[in-house]
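Observations on chain architecture
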Amino acid sequence: MTDQDSTREAVRQRYADAALQVLRSTGGTRAACCGGDCAAPGAAADASQPRAADRADGSCCCDPITGNLYSPDELAALPESAVAASLGCGNPTALADLRPGETVLDLGSGGGIDVLLSARRVGPSGRAYGLDMTDEMLELARKNAATAGVSNVEFLKGEIEHIPLPDSSVDVIISNCVINLSTDKEKVLREAFRVLKPGGRFAVSDVVVDGPVPEEIRRRVELWVGCIAGALDRADYRDLLTRAGFVDVAIEPTRHYALADAGDAGLDTWLASQDPVERERLNRAFMSAFVRARKPRD
Ligand SMILES: C[S@@+](CC[C@H](N)C(=O)[O-])C[C@H]1O[C@@H](n2cnc3c(N)ncnc32)[C@H](O)[C@@H]1O
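Because the structure is predicted, anything quoted here is derived from the model rather than measured.

Quick notes on the rules
Residues numbered from 1 in each chain as written. Predicted model: local features only at pLDDT ≥ 70, side-chain atom pairs only at ≥ 80, totals over all residues. Heavy atoms only, no water. Helix = DSSP H or I, 4+ residues; strand = E, 2+ residues; numbered from the N terminus. Buried < 20%, exposed > 50% of the residue type's maximum accessible area, 1.4 Å probe, protein only. Axes fitted to C-alpha atoms, helices over the stretch in contact; angles between N-to-C directions. Left-handed = near helix turned anticlockwise from the far one by under 90°. Contact = heavy atoms within 4.5 Å. Nonpolar A, V, L, I, M, F, W, Y, C, P; charged D, E, K, R; others polar. pLDDT = per-residue confidence, 0-100. 1 Å grid on protein atoms, 1.4 Å probe; cavity = no way out; pocket = protein on both sides within 12 Å on 5 of 7 lines; lining within 4 Å. Points joined across faces, edges and corners; volume = space filled by probe spheres on them. Salt bridge = Lys/Arg side-chain N within 4 Å of Asp/Glu carboxyl O.

**Quick word on the environment of Val207**
- As for its position among the elements, Val207 is in strand β5 (residues 196–209).
- Relative accessible area serves as the criterion here: at 0%, Val207 is assigned to the buried category.
- Between the C-alpha atom of Val207 and that of Ala289, which follows or precedes it by 82 residues, the distance is 6.2 Å.

In C-alpha cells:
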C-alpha cells in the first residue's frame, strides 16, 4: 500500500464511522455530540475520530469548524440526519450562484446536506449530483434524499480524483471541506475543470493555509481541524486552479481558526515564543475559505 492509499483509507474509515454514528442514532442526532464523550472546543486532536459538531437542531455544540454554518431557514427544510451528518467548514450553496435548470456536482457530498440545498435552488428542471467514495456516507445521503422527498438528486460512488461524469456536463461544482482531504489535489482540480461546461463555475468551501507555517505546527493544527491529507497554501491553491485552466480565481476567508482555540498546550507555548507580529500572522494562518473560479467559455 502506498502512502497515498493508506491516507485515503484513513479518510474513508473516518467518514464511514461518522456516517454509521448518524445511521445508528435515533432521531438523526449525532451520538458523540454534546454528551460526555464529545471533545470540548480545543480538546487534543484525534485524527481517528470525526469532528463532533452540530446538534441535530443545527446549533453549534462544540466545534468551531463545523458549527453554525447554515441559516435556521436552511436547516428547517432538511432531514435531521442530514444536518447531524454535516461535516463541512462552510456553506458553498449560500455563496454560489445557482440558477433554475442547472446541473450541480458536490465533490465529497457526505450525508448530502449541500446536495439537498442545491437541488432546491436548481429546481425540478435542474439536477444535483453528490459524489463520495464512502459507502456508508452514500447510504446515509440516499436515505436523507428519500426523507426529503426530492427527486432531482443522484448520489454517485467514486473518487473526486476520477469524477465519473462526462466532459463538459456540469454547470457548477461545489464542495465542502473535502479537497483538503485529497492526496492529489492537482488531479481533483483538473477533473473539476474537465467536467465543467464552458463558462461553468467552481464554488468551493475548503480549509486553506495562508503563508509559511513550520511543518510540525502545521500537522498539529491540521489534525485539530481534520485535514488528514493537509490543506493547500492559499497561493498554491490559486496556482493549481490557474494551471488547470480556470480564470477569475478568488479565495475569500470565511472563518479563521485561532491557534489558541486548539487548546493544545504545546501550540500555546510555541506561539508565545514567537515575536508579536509573527504570532498574530500565525494565529490567523488557518482558515476556511470560499474558493471560486470559472472555466473560460472558449
Ligand atoms: C469532511 S466530510 C464533508 C462532507 C460534506 N461535504 C459536508 O459538508 O458535510 C468529507 C467527505 O468527503 C468524502 N471524501 C473524502 N475524500 C474523498 C475522495 N478522495 N473522493 C471522494 N470522496 C471523498 C468522505 O467520504 C466524506 O463523506
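**Description of the packing of helix α1 (residues 3–24) against helix α6 (residues 135–148)**
- Here α1 crosses α6 at 35°, and the two axes come no closer than 8 Å. Handedness of the crossing formed by α1 with α6: left-handed. The residues of α6 that touch α1, namely those facing Tyr15, Ala16, Ala18, Ala19, Leu20, Val22 and Leu23, are Glu136, Met137, Glu139, Leu140 and Lys143.
- For the contact of α1 with α6, the per-class residue count stands at nine nonpolar, no polar and three charged.

**Description of the confidence of the model for the protein**
- Summing up the model confidence of the protein, the mean pLDDT is 87 and the portion of residues at 70 or higher is 88%.
- Here residues 28–61 scores under 50 on pLDDT; set against residues more than four positions off or in separate chains, the count is 91 contacts.

**Observations regarding empty space enclosed by the protein**
- Evaluated as defined, the whole model comprises one cavity of 30 Å³ or more.
- There is about 420 Å³ of room inside the largest cavity.
- The wall of the largest cavity is formed by 30 residues, among which Tyr15, Gly108, Asp132, Val178 and Leu181 lie closest to the centre.
- At the level of elements, α1 and α5 (113–122) are the ones that each hand at least two residues to the lining of the largest cavity.
- Per element, the largest residue contribution to the lining of the largest cavity is four residues, and it comes from α1.

**A short note on the pattern of salt bridges**
- Enumeration according to the criterion identifies 22 salt bridges in this entry.
- The salt bridge partner of Arg99 is Glu102, with a shortest N-O separation of 4.0 Å.
- For Arg219, the salt bridge identified is with Glu222, shortest N-O distance 2.7 Å. Here the residue Arg219 and the residue Glu222 both occupy positions in helix α8 (residues 215–225), the gap between them amounting to three residues, near one helical turn.
- Each of Asp5, Arg8, Glu9, Arg12 and Glu159 takes part in a single network of salt bridges with overlapping partners.

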